[in-house]
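Next come the chains, spelled out residue by residue.
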Amino acid sequence: MLTPVNWLKKYVEIENIDIKKLSDDLIMSGSNIETVEKVGEGIEKVVVGKILEIQGHPDADKLLVMKVDIGSEILQIVTGAQNCSLNDYVPVALVGAKLPDLKIKKGKLRGVESFGMFCSFEELGFEKSVIPKEFADGILILDKEYPLGMDIFEALDLYDNVIEFEITPNRPDCLSMIGMARETAATFDLELKMPELKAFEGVEDIKDYIEVEIEDYAKCPRYMAGMIKDVKIEASPMWMQTALMKAGVRPINNIVDITNYVMLEFGQPIHAFDYDRLEAKKIIVRNPMDNEKFVTLDDVERTLKESHLVIADGEKAVALAGIMGGLNTEVSDTTVNVLMEVANFNKSLIREASKELGHRTEASSRFEKGIDPNTAELAMARIFQLVEELSAGTIVKGVVDAKASDKEKVEIKFRPERIRGLIGVELSDEEIVKILNRLYIEVKNEDGQYTAYAPTYRLDLLKEIDLVEEVARIYGYNVIEPTLSKDSAWGGRTNGQQIEDLARESLISLGLNEITTYSFISPKAVDKLNINEESLLRNVIRLRNPLGEEYSAMRTTLLSNMLDVLARNYKRKVESASAYEIGNLFFPKEVPVKTLPIEKKSLCMGMYGKDVDFYTIKGIVERLLEAMGIKEYKFITEENNKTFHPGRCATVLYKDHVIGTIGEIHPLVAENFEIDSRVYCGELDFNIMLQITRRDSIYKSLPKFPAVLRDIAVVIDEDVASQSIIDIIEDNGGKLLEKVDFFDMYKGSQIEKGKKSMAYSLSFRASDRTLTDEDINKIFDKIVKKLEEGLGAQLR
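Scoring rules and cut-offs
- Sequence order sets the numbering: in each chain, residues are counted from 1 along the sequence as written.
- Owing to the predicted nature of the model, reporting of local features is limited to residues with pLDDT of at least 70; listing and counting of side-chain atom pairs is limited to 80 or more, with chain, interface and lining totals taken over all residues.
- Hydrogen atoms and water are omitted, and side-chain values are computed over all heavy atoms in the structure.
- Secondary structure elements are taken from DSSP: a helix is a run of H or I of four residues or more, a strand is a run of E of two residues or more, and numbering for both begins at the N terminus.
- Exposure classes here rest on a 1.4 Å probe applied to the protein chains alone. A residue is buried below 20% of its type maximum, exposed above 50%, and partly exposed in between.
- Any two residues whose heavy atoms approach within 4.5 Å at even a single point are treated as in contact.
- Note on areas: Shrake-Rupley, 1.4 Å probe, and residue coverage restricted to the protein chains presented here.
- The term salt bridge refers to a side-chain nitrogen of Lys or Arg lying within 4 Å of a carboxyl oxygen of Asp or Glu.
- Strand pairing is assigned whenever DSSP identifies at least 2 bridges connecting the two strands.
- Axis definition: a line fitted to C-alpha atoms, over the contacting stretch in the case of helices. Angles run 0 to 180 degrees between N-to-C directions.
- Lining residues are those with an atom within 4 Å of a point, where the points come from a 1 Å grid over the protein atoms alone and group into cavities, where a 1.4 Å probe fits but cannot get out, or pockets, open sets with protein on both sides within 12 Å along at least five of seven lines.
- Grid points are joined across faces, edges and corners, and a volume is the space filled by probe spheres set on the points.
- Residue type decides the class: Asp, Glu, Lys and Arg count as charged, Ala, Val, Leu, Ile, Met, Phe, Trp, Tyr, Cys and Pro as nonpolar, and the leftover types, Gly among them, as polar.
- Any angle that falls under 35 degrees is termed roughly parallel, while one over 145 is termed roughly antiparallel, one within 65 to 115 roughly perpendicular, and all others oblique.
- The hand of a helix crossing depends on one turn: near helix anticlockwise from the far one by less than a right angle means left-handed, and clockwise means right-handed.
- Residues qualify for a patch when their relative accessible area is over 30% and they have no salt bridge, like charges being joined within 9 Å and the nonpolar side chains of Val, Leu, Ile, Met, Phe, Trp and Tyr within 5 Å.
- Two residue types count as positive, namely Lys and Arg, and two as negative, namely Asp and Glu; His and chain ends fall outside the count.
- A charged residue contributes its charge at one atom only: NZ of Lys, CZ of Arg, CG of Asp or CD of Glu.
- Residues belong to a common nonpolar core when they are buried Ala, Val, Leu, Ile, Met, Phe, Trp, Tyr or Cys residues joined through side-chain atoms within 4.5 Å.
- Within 6.5 Å between ring centres, the rings of Phe, Tyr and Trp (the latter by its six-membered ring) count as paired, and their orientation is classed by plane angle as stacked under 30 degrees, edge-to-face over 60, tilted in between.
- Here, a charge over a ring means that NZ of Lys or CZ of Arg falls within 6 Å of the ring centre while also lying within 35 degrees of the ring normal.

A. Local environment of the overall build of the protein. Helices and strands together make up the secondary structure of the protein, namely 20 helices and 40 strands. Going through the 796 residues of the protein one by one, you find that 50% of them count as buried. A sequence separation of at least 24 residues applies to 69% of the contacts in the protein between residues at least 6 apart. When the accessible surface of the protein is split by element, carbon and sulfur atoms take 47% of a total near 40,600 Å².

In structure tokens:
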């Protein structure tokens, strides 16, 4: 749920609370936050300008030369924008302006000087998916006059912080601005300011326009219909468009934008019908015929089941209830009269229909979690208010409201002493009641017997224990004093858990951040990783009841999740990032799946940045293995893994066991994840690492005799791996060879083309004497000879 803070301020006074405290305190009161993004960050010197003159470019048919007034001066700007006209107000990036990935400089376009650039919504930092279609391929044209030279972000109230909340399924009331405003007000003990709604007289009588029939109130507890006539379909005002865009919704036109605005505000999905395309002027909420065909707004024909639910006009289906409207009653530029639907549907029915049709929408994602039927009345009043405010049409008097019955508040009896006992804090009865009141939970005390009345929108409050949780989170988990368990039984960590802790500590000390991602992935993830067709990693387990297509398979690799995280950081202009995750992979024992899958623990690392290369991740793996007491490992060239760059990839071996693969991600794979930078990743089999880790330390006395160091540099074919050279050195170094370190590689004018120079430091030592040159020379000569014979190396 994307929540622009400026929109939140309409309902709760938080001007004096900085964004860090706001987000931190909301997290502590139970609202999990994914990200906080600052709109306009890094953008400078973009102002309001007015086009005074438009001329064709003398040497380019597709370019225009314009004179633009920015208040303090008139600038000449050469542009390719074709969607602007004389006297339009537009955003102008001045010379020296900073835009995402761009700095504006004075320049010449085909010989004509240009002192700035006009900006589109995308250049102002908005995603393409939320930009109105009329501005998708052109510059932004402002909707009215603004002070010339004014910062464009101030003029359009674009400076903002957008908080992305992760809303849990049990709190559908928080899938709305007002829902999050309630949480904010309760967290900071502030007053909630609801929109001031009023009754509208309207003209004529809606009963002369439409009637509503519900065949089964268990499937549709409430259906409200409102009528707006003589509508004027046009663009909504800029304040509404920018509010929707910051909340992740693309503006369409004033009528559709009003429905989306109210949905985001109250959490109540709304649908608008072109009234004149309804046949019988009657709405019937019914089940479809089995295999009935219906074309939804996305122009897809869908085959319906009798268990689904549709909205019909007496002759045909006009909407798929709770999911999407029909193409046959779509509001278009020629629409004159609009019927507004504000309804409530059975959540289980909508969830099943959405899953079976493979079509999940903003509406269905709300209905399937449950919506308070009492919200419908508020939403309809808000629609009428905005229609009048935007002069979008004439409101017809009254509404048709078909409903089973009013939903009543849930009564919950509770014991203050029970709340105190479970929380472990000595709160008075009055303090408990006050906290519940902050959450708009009414409390009655009759002779010491307390009864709470949960608001109808709080579908999660049913029992006393639910109230205990509410009191605890608003009081503050962070201020509850931790206490030791009274139980005398104490547990310990298993060997495997201790090894995991060791790995985590080592990776954190090496500068990596731990991440935790979902075990569910999109089936398309293996395609994005360019995994071989015959690979077992493609044998993913599909879920029967997924959250959505993106979470419909169990992961067989951590790489896609890692790259998603790195991509998210890269898109947010994080210059460098490094992370690791230890998590389970899931492989089927048989297909089709009949039993629980095989679970394997895996360790994945990923990083990008200016100072990161193949040797960075190789060094991290070496340090990790050493910290875990794993020796006798080696790296060999890997050229058949299509996820990685063929020339910058290695397999990690321990004796005859493959521990994993590290290297640079293939450029095509990085492009699939929209990362325009070199990315380095590695995935290791943590199950094997658990078996070969040696946590016991073997101590030996310090050497009595000095080591003798010899450097060796050989010229070798450039496709020969360093490990091949090290293997020969170690195989022929005998007992006196203590250590081999690679320290230099050179390619250049002094080396033959197709060759490279590789340099190593060799350390020799004996435990019973000081070695002489004669001792070393024999071994050294043998090593050189074997390198010449085995690899065609030449001593440099």
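B. Here's a closer look at the pattern of salt bridges. Enumeration according to the criterion identifies 52 salt bridges in this entry. The partner of aspartate 298 in a salt bridge is arginine 302, and the shortest N-O contact between them spans 2.7 Å. The network of salt bridges with shared partners includes Arg171, Asp173, Glu183, Arg458, Asp460, Glu470 and Arg473.

C. Seen up close, the sheet that holds strand β24 (residues 410–414). Across the sheet, 3 strands lie side by side as β24-β26-β25; this open sheet has antiparallel pairing. The open sheet has two free edges, formed respectively by β24 and β25 (442–446), since each of these has just one partner strand. The sheet shows a mean angle of 25 degrees between the axes of neighbouring strands, direction not considered. Sheet topology places β25 next to strand β26 (residues 449–454); 5 bridges connect them, and they run antiparallel. The partner of valine 443 across the bridge, within β26, is alanine 452. Each of β24 and β26 touches helix α12 (residues 464–475); the most contacted strand, β24, lies at about 80 degrees to it.

D. Main features of the environment of isoleucine 432. Structurally, isoleucine 432 can be placed in helix α11 (residues 429–438). Exposure remark for isoleucine 432: the relative accessible area of 1% places this residue in the buried category. Distance from isoleucine 432 to lysine 193, taken between C-alpha atoms, is 23 Å for residues 239 residues apart in sequence. When sequence neighbours within four positions are dropped, the list of residues in contact with isoleucine 432 reads Phe414, Pro416, Ile419, Arg420, Leu427 and Val471.

E. Just the layout of surface pockets, in detail. Put simply, the second largest pocket is a space of about 1,500 Å³. Lining the second largest pocket are 39 residues, with Lys618, Phe635, Ser722, Gln723 and Ile726 positioned closest to its centre. Elements that contribute at least two residues to the lining of the second largest pocket include exactly α16 (614–627), β33 (633–637), β34 (644–654), α19 (722–732), β38 (737–746) and β39 (755–764). For the lining of the second largest pocket, the class distribution of residues is 17 nonpolar, 5 polar and 17 charged.

F. Spatial organisation of empty space enclosed by the protein. Evaluated as defined, the whole model comprises 1 cavity of 30 Å³ or more. Estimated volume of the largest cavity: approximately 50 Å³. As for the largest cavity, its lining consists of Arg171, Asp173, Arg182, Glu183, Ala186, Leu439, Tyr440, Tyr457 and Arg458.

G. Highlighting the packing of helix α13 (residues 495–509) against α16. The N-to-C vectors of α13 and α16 enclose an angle of 140 degrees; their axes lie 10 Å apart at closest approach. Relative to α16, the element α13 is oriented oblique. Here α13 runs over α16; the crossing is right-handed. Residue-level contacts link Leu502, Ala503, Ser506 and Leu507 of α13 to Ile620, Leu624 and Ala627 of α16.

H. Structural context of the pairing of strand β32 (residues 598–608). Inspection of the sheet shows strand β31 (residues 577–587) paired to β32 by 11 bridges, in the antiparallel sense. Looking at the pairing, phenylalanine 586 lines up with glutamate 599 of β32.

I. Region of the structure containing unusual backbone geometry. Here the phi dihedral of aspartate 189 falls at roughly 55 degrees; this positive angle occurs in a residue that is not glycine. Counting through the fold element by element, aspartate 189 comes out in the loop between α4 (177–188) and β12 (211–214). For aspartate 189, a relative accessible area of 41% translates into the label partly exposed. Located in the positive-phi region is lysine 281, a residue other than glycine, with phi close to 55 degrees. Mapping lysine 281 onto the fold places it in the loop between β14 (270–274) and β15 (282–286).

J. Just a positive patch on the surface, in detail. Side chains of Lys45, Lys98, Lys103 and Lys105 sit close together on the surface and give a patch of like positive charge. With respect to the helices and strands, the residue lysine 45 is situated in strand β3 (residues 44–57). Classification of lysine 45 as partly exposed rests on a relative accessible area of 43%.

K. Summary view of the nonpolar core. Core analysis: the biggest nonpolar cluster contains 56 residues, and Met340 and Ile383 have the highest contact counts within it. Here isoleucine 383 is in contact with Ile228, Ile258, Val262, Ile270, Met340 and Val342, once residues within four sequence places are set aside. Listed in part, the 43 residues of the second largest apolar core include Tyr89, Val92, Ala97 and Phe126.

L. Layout of the sheet that holds β39. Strand order in the open sheet made by the 4 strands is β38-β39-β37-β40, with antiparallel pairing throughout. Lying at the two open borders of the sheet, with one neighbouring strand each, are β38 and β40 (794–795). Of the pairings in the sheet, the one linking strand β37 (residues 708–717) to β40 comprises 2 bridges and is antiparallel in character. Paired with valine 714 across the bridge in β40 is leucine 795. On the sheet, α19 packs against β37, β38 and β39 and is oriented at approximately 35 degrees with respect to β39.

M. Inspection of the packing of helix α10 (residues 416–423) against α12 at higher detail. Interhelical geometry of α10 versus α12 gives an angle of 60 degrees and a closest axis separation of 10 Å. Relative to α12, the element α10 lies oblique. As α10 packs across α12, the resulting crossing turns out to be right-handed. Contacts between α10 and α12 involve Arg418, Ile419, Leu422 and Ile423 on the former and, on the latter, Glu464, Ile465, Val468, Val471 and Ala472.

N. Quick peek at a nonpolar patch on the surface. Together, Ile27, Met28 and Tyr477 line one region of the surface with nonpolar side chains, adding up to about 260 Å² of accessible area. Turning to its location among the elements, tyrosine 477 is positioned in the loop between α12 and α13.

O. Representation of the packing of aromatic side chains in the model. Enumeration according to the criterion identifies 13 aromatic pairs in this entry. With a centroid separation of 5.7 Å and an interplanar angle of 90 degrees, the aromatic rings of tryptophan 239 and tyrosine 261 are classed as edge-to-face. With tryptophan 239 in helix α5 (residues 238–246) and tyrosine 261 in helix α6 (residues 254–266), this residue pair connects regions lying 22 residues apart in the sequence. Pairing phenylalanine 345 with phenylalanine 367 gives two aromatic rings, centres 5.2 Å apart and planes at 70 degrees, and the pair type is edge-to-face. Here phenylalanine 345 is found in the loop between β21 (338–344) and α7 (347–357), whereas its partner phenylalanine 367 is found in helix α8 (residues 362–367), with 22 residues between them in sequence. Classification of phenylalanine 345 by relative accessible area gives buried; the value is 4%. Here the guanidinium or amino end of arginine 182 rests over the ring plane of tyrosine 457, the centre of that ring lying 3.6 Å away. A cation over an aromatic ring shows up here: lysine 281 above the ring of tyrosine 275, its NZ or CZ 4.4 Å from the ring centre.

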